[in-house]
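Results of the structural survey
Here is how the chains run, residue by residue.
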Amino acid sequence: MELYFTRHGRTEWNQALRFQGREGDSPLLPESYEEIARLGKHLSEIPFVRIYASPQKRAKDTAMGIQRYLKVPAEIIYSDDLREIGMGDLEGASIMEAHHIYGETLDALRYAPNRYDPSAFGGEPYEAMLARGKKLILEAAEKEQGPLLFVSHGATLTGCIQTLAGASVANARKMGGLGNNTLSILKMNPTKELPFTLKLWNDDRHLSK
């Protein structure tokens, strides 16, 4: 069985370089809907059993946009477990301004999440985000009998996908983060020690068609 993953479309706060996090949100940019349509058309032939999505508006709108193009109808299940990592007091703040104060901490989130400690601004620990996200993904994979699509957020998906494919928390960002509306795929390995193989990572070829 294969699990498909995509990050939501680009938003106004993405463009303005502001943290969105677990509670913050902003509208999708007008051009994002065209990219969502391209991804939906790219996935239209996949007979997804279910779509699992974050309930945050940017992910919800992305999931519904993809759903419109699927030839086999797929129900969307929304789960708080797929929300973005919580950034605490930094949600809505300028990334550049926050970096001046918490540069070492924010660099750890981006490059070495095993050393990330967000307590200074009330953020969510990286391990807590991984625990909720991976729990949802593994339970869905065990329950469903066919391909699944997960629509979520950059930090959450990057960490979950990479560690499910066998990366340590320290190496969860070694391949970089996910672009908006890109596609990644995990393939289940029922007879191997690791539950999944990373079949596709951060693919954006469909966006340029």
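For the structure, see preceding data.
Not measured: the values here are computed from a predicted model.

The next point concerns the pairing of strand β3 (residues 75–78). Taken together, the four bridges between strand β2 (residues 50–53) and β3 define a ladder with parallel strand orientation. Residue pairing across strands places Y52 opposite I77, the latter belonging to β3. Read as a crossover between parallel neighbours, the route from β2 over helix α3 (residues 57–67) to β3 is right-handed.

Secondary-structure assignment places A59 in helix α3. Residue class for A59 comes out buried when judged on its relative accessible area of 0%. When the C-alpha atoms of A59 and Y78 are compared, they prove to be 9.6 Å apart, with 19 residues separating the residues in sequence. Setting aside its immediate chain neighbours within four residues, A59 contacts H8, S54, V151, S152 and H153.

Attention shifts here to the side chain of R173. The topology assignment puts R173 in the loop between α6 (154–164) and β5 (183–188). In this structure the side chain of R173 is engaged in a polar contact, spanning 3.1 Å, whose partner is the backbone oxygen of R110. Those residues in contact with R173 that lie beyond four places of it in its chain are L109, R110, Y111, P113, Y126, G154, A155 and T158.

It is worth spelling out the pairing of β5 at this point. Pairing geometry for strand β1 (residues 2–7) and β5, over four bridges, is antiparallel. Residue pairing in the sheet places E2 in a bridge with K187 of β5. Of the pairings in the sheet, the one linking β5 to strand β6 (residues 196–203) comprises five bridges and is antiparallel in character. Residue L186 lies in a different strand from β6, and its bridge partner there is L198.

A separate point is the environment of F121. Tracing the chain through its elements places F121 in the loop between α4 (95–111) and α5 (126–143). Each C-alpha atom, one on F121 and one on P195, is 34 Å from the other, the two residues being 74 residues apart in sequence. Not counting residues within four places of it along the chain, the set of residues in contact with F121 comprises M87, G88, D89, L90, Y102, T105, L106 and Y116.

It is worth spelling out the side chain of D203 at this point. As for its placement among the helices and strands, D203 is situated in strand β6. A relative accessible area of 11% places D203 in the buried class. Once residues within four sequence positions are removed from consideration, D203 is found in contact with T182 and L183.

Right, let's talk about the packing of aromatic side chains for a bit. Inspection of the entire model under this criterion finds four aromatic pairs. Ring geometry for F5 versus F150: centroids 5.0 Å apart, planes at 15°, classification stacked. Separated by 145 residues along the polypeptide, F5 in strand β1 and F150 in strand β4 (residues 148–152) bring together distant segments of the chain. Consider the rings of Y102 and F121, whose centres lie 5.0 Å apart with planes at 65°: the pair is edge-to-face. With Y102 in helix α4 and F121 in the loop between α4 and α5, the pair connects residues that are 19 residues apart, well separated along the chain. Taking the relative accessible area as the measure of exposure, Y102 reaches 22% and is therefore partly exposed. For F121, a relative accessible area of 1% gives the class buried. Among the aromatic residues, those joined into a ring-pair cluster are F5, Y52 and F150. The ring centre of Y78 lies 5.3 Å from the NZ or CZ of K60, which sits over that ring.

Reading the values: rules and limits
Starting from 1, residues in each chain are numbered consecutively following that chain's sequence as written. Two thresholds apply to this predicted model, a pLDDT of at least 70 for residue-level local features and 80 or more for giving and counting side-chain atom pairs, whereas whole-chain, interface and lining totals are computed over all residues. Working from all heavy atoms in the structure, the side-chain values ignore hydrogens and water. Two strands are counted as paired when DSSP detects at least two bridges linking them. Helix and strand assignments come from DSSP, with helices taken as H or I runs of at least 4 residues and strands as E runs of at least 2, each series counted from the N terminus. With its strands directed away from the observer, a crossover is right-handed exactly when the path from the first strand over the helix to the second travels clockwise. Relative accessibility under 20% of the residue-type maximum defines a buried residue, over 50% an exposed one, and the middle range a partly exposed one, all with a 1.4 Å probe and only protein chains included. Contact criterion: two residues are considered in contact whenever any of their non-hydrogen atoms come within 4.5 Å of each other. As used in this structure description, the phrase polar contact means that two N or O atoms lie within 3.5 Å; if the pair is within protein, one of them must be able to donate a hydrogen and the other to accept it, and residues adjacent in sequence are counted only when both atoms belong to side chains. Side-chain rings of Phe, Tyr and Trp (the six-membered ring for Trp) are treated as a pair once their centres are within 6.5 Å; stacked means planes under 30 degrees apart, edge-to-face means over 60, and tilted covers the remaining angles. Remark: a charge is flagged as sitting over a ring if the NZ atom of Lys or the CZ atom of Arg is within 6 Å of the ring centre and within 35 degrees of the ring normal.

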